[in-house]
Amino acid sequence: MQNHELDISYIINELAEDRDDYFRAISPPIIQTSNFAFKTVEAFRKSFEDEYSTWLYSRGLNPTVDILRKKLAALDGAEDCLVFNSGAAAIFTAVLANVKSGDHIVSVRNPYTWAQRTFEVILPRFGVTHTYIDGTSIENFKAALQPNTTIIYLESPNSWTYEIQDLKAVAELAKQHNITTICDNSYCTPINQKPVELGIDLVLQSATKYIGGHSDVVAGVLCGKREMIERIFNSEYMNIGSGIQPFNAWLLIRGLRTLPMRLERITKSTYSVVDYLKKHPTVEKVHFPFDPEFPQYELAKKQMLNACGLLTLVLKADSINQVERFAEALKHFFMAVSWGGHESLIIPRCAGIKKEAFDPQNQEHRMVRMYVGLEDPDYLIRDLEQAFAAIN
Ligand SMILES: *Cc1c(COP(=O)(O)O)cnc(C)c1O
């Protein structure tokens, strides 16, 4: 293998794009087909026997999707990859493929909502139990393991307070006990963190966020060893039938073209916004993993190349009305879920709780999660300035 195969520029511009096959077009074709035709019975038979090596039906493999799979696997430093119709489908598939009745899962506490629902609502119906732990200490993982533990589920950092796990240490522990590790890498993307290289078995991310990058597609990625990915393809992936559609795969290929430069811009702007917020008298605290005051700053720097986009501020406020006024006064941060697009966003934590339950003593209730997009950072800071003024 030549060295350029590892180059990010090569991966996003050339890898897996056999342009001789399609008129030397720069942009790959969207092969919008459900099925593929065979010339001989023998070839048809072979495809039935091994769908993972052929194009038979687009619930399985599709040429446009395959271009994307190869690029995403290479970015993660993984052998193989499957792409789903959502990040939630990638989570569900990865978990389901590694448990049977009577098994136990150790998960970091507060993983993504739909991971929680998988553990708390769906899997108990099949006798699969779970234990949530504080993942900031490896000792907590050791203490939670049971003889029937088959999965350790990680999300590093998580998406409100950014606790991280020592991925290398957890991977080593899991290997000693023959446990599969799954890590949600949505916050970092493979540009800023490569869990596979730290020993994690399955790495997933919501491609809805940075990979798509334009808030116009919902998708998920699952990467790992070829043997594991092939096993998942032949079973859960085909059965759930939530593989990505060709047009959405094409949008993600387009998103990848600009991923590194978008992240570079977002990172730079995020540091400016964090600096501004940390100095502001109306801000009690800023949660951001690459802030030197972040409790796990050293570990963050060790296993992540950078942090970008997402941060959480704690407002100084005496009432829910003040928090709501701040959120509603912002003109250029949209109030919306998700992140990773061109547009800056906020979610006030109090939108997720009943108004009567608001407790001004509770820092969490005064949290506002913020995503810094591609706008000019000064434009965003001016907007924050007027919103702070509106509540004081
Ligand atoms: C958004 C998100 C997901 C789910 O992805 P969808 O594409 O929305 O299904 C999973 N994990 C994290 C951390 C997320 O933020």
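Residues numbered from 1 in each chain as written. Predicted model: local features only at pLDDT ≥ 70, side-chain atom pairs only at ≥ 80, totals over all residues. Heavy atoms only, no water.

Turning our eyes to something else, we now look at the site of the ligand. Lining the immediate environment of the ligand, one finds 14 residues, of which Ala 88, Asp 184, Ser 206, Thr 208 and Lys 209 sit closest. Interatomic distance of 2.6 Å between a side-chain N/O atom of Asp 184 and a nitrogen atom of the ligand. One of the side-chain nitrogen or oxygen atoms of Thr 208 is found 2.6 Å away from an oxygen atom of the ligand. Protein burial of the ligand: of its 380 Å² of free accessible surface, 90% is covered by the chains. Of the residues in the shell around the ligand, the class split is six nonpolar, five polar and three charged. (Near = heavy atom within 4 Å. Polar contact = N/O pair within 3.5 Å; in protein donor to acceptor, adjacent residues only side chain to side chain. Areas by Shrake-Rupley, 256 points an atom, 1.4 Å probe, with all protein chains shown as cover. Nonpolar A, V, L, I, M, F, W, Y, C, P; charged D, E, K, R; others polar.)

Spatially, S8-S9-S12-S11-S10 is the arrangement adopted by the five strands of the open sheet, whose pairing is mixed. Among the strands making up the open sheet, the edge pair consists of strand S8 (283-287) and strand S10 (334-335). Sheet topology note: the strand S9 (residues 310-315)/strand S12 (residues 367-371) ladder contains five bridges and is antiparallel. Bridging from a neighbouring strand, Leu 311 pairs with Met 370 of S12. Each of S9, S10, strand S11 (345-348) and S12 is contacted by helix H13 (residues 320-329), which is oriented at about 165° to S11, the strand it contacts most. (Pairing = 2+ DSSP bridges. Helix = DSSP H or I, 4+ residues; strand = E, 2+ residues; numbered from the N terminus. Contact = heavy atoms within 4.5 Å. Axes fitted to C-alpha atoms, helices over the stretch in contact; angles between N-to-C directions.)

Below, the discussion takes up the nonpolar core. Core analysis: the largest hydrophobic core is formed by 78 residues, its most contacted members being Leu 252, Leu 277, Phe 326, Met 370 and Leu 384. Top element by residues in this core is helix H11 (residues 259-279). It accounts for seven residues. Of the residues that make up this core, three or more belong to each of domain 1 (4-257) and domain 2 (260-389). The contact partners of Leu 384, leaving out residues within four places of it in the chain, are Val 273, Tyr 276, Leu 277, Phe 326, Leu 330, Phe 333 and Met 370. Leu 82, Ala 90, Tyr 153 and Ile 182 belong to the second-largest nonpolar core, a separate cluster that totals 28 residues. (Core = buried A, V, L, I, M, F, W, Y, C linked by side-chain atoms within 4.5 Å. Buried < 20%, exposed > 50% of the residue type's maximum accessible area, 1.4 Å probe, protein only. Domains from an automatic or database assignment.)

The next thing to look at is the side chain of Lys 209. Turning to its location among the elements, Lys 209 is positioned in the loop between strand S6 (202-206) and strand S7 (220-224). Among buried Asp, Glu, Lys and Arg side chains, Lys 209 stands out as unpaired, with Asp 184 the closest opposite charge at 7.3 Å. (Lys, Arg positive; Asp, Glu negative; His and termini not counted. Salt bridge = Lys/Arg side-chain N within 4 Å of Asp/Glu carboxyl O.)

Okay, the pairing of S9 next. Across the six residues that make up S9, a large majority, six, are buried. Here S9 shows two buried faces, one formed by Leu 310, Thr 312 and Val 314 and the other by Leu 311, Leu 313 and Leu 315. Relative to S9, S8 is paired through four bridges, and the arrangement is antiparallel. Across the sheet, the residue bridging to His 287 is Thr 312, located in S9.

Another aspect to go through is the environment of Pro 377. Note on placement: Pro 377 falls in helix H14 (residues 377-391). The exposure class assigned to Pro 377 is buried, which follows from its relative accessible area of 16%. Taking C-alpha positions, Pro 377 is 35 Å from Val 65, a pair spaced 312 residues apart along the chain. Those residues in contact with Pro 377 that sit more than four places away from it in its chain are Arg 265, Ser 269 and Ser 272.

To continue, consider unusual backbone geometry. Across residues other than glycine, the phi torsion is negative in most instances, and most of the peptide bonds are trans. A cis amide bond, omega -10°, links Ser 156 with the succeeding residue Pro 157. Backbone geometry places Ala 16, a non-glycine residue, at a positive phi of 70°. Inspection of the secondary structure puts Ala 16 in the loop between helix H1 (8-13) and helix H2 (41-49). A positive phi is found at Asn 178, a non-glycine position, where the angle reads about 60°. Topologically, Asn 178 is positioned in the loop between helix H7 (167-176) and strand S5 (180-184).

Two aromatic rings, taken as a pair, are described by how far apart their centres are and by the angle between their planes. Per the stated rule, a full pass over the model turns up 15 aromatic pairs. Feature note: the residues Tyr 52, Phe 84, Phe 233 and Tyr 237 constitute an aromatic cluster, connected by ring pairs. The residue whose ring lies beneath Arg 117 is Trp 114, and the NZ or CZ to ring-centre distance is 4.7 Å. Sitting over the ring of Trp 160, Arg 349 keeps its end group 5.9 Å from the ring centre. (Phe/Tyr/Trp six-rings, centres within 6.5 Å; stacked < 30°, edge-to-face > 60°. Lys NZ or Arg CZ within 6 Å of the ring centre and 35° of its normal.)

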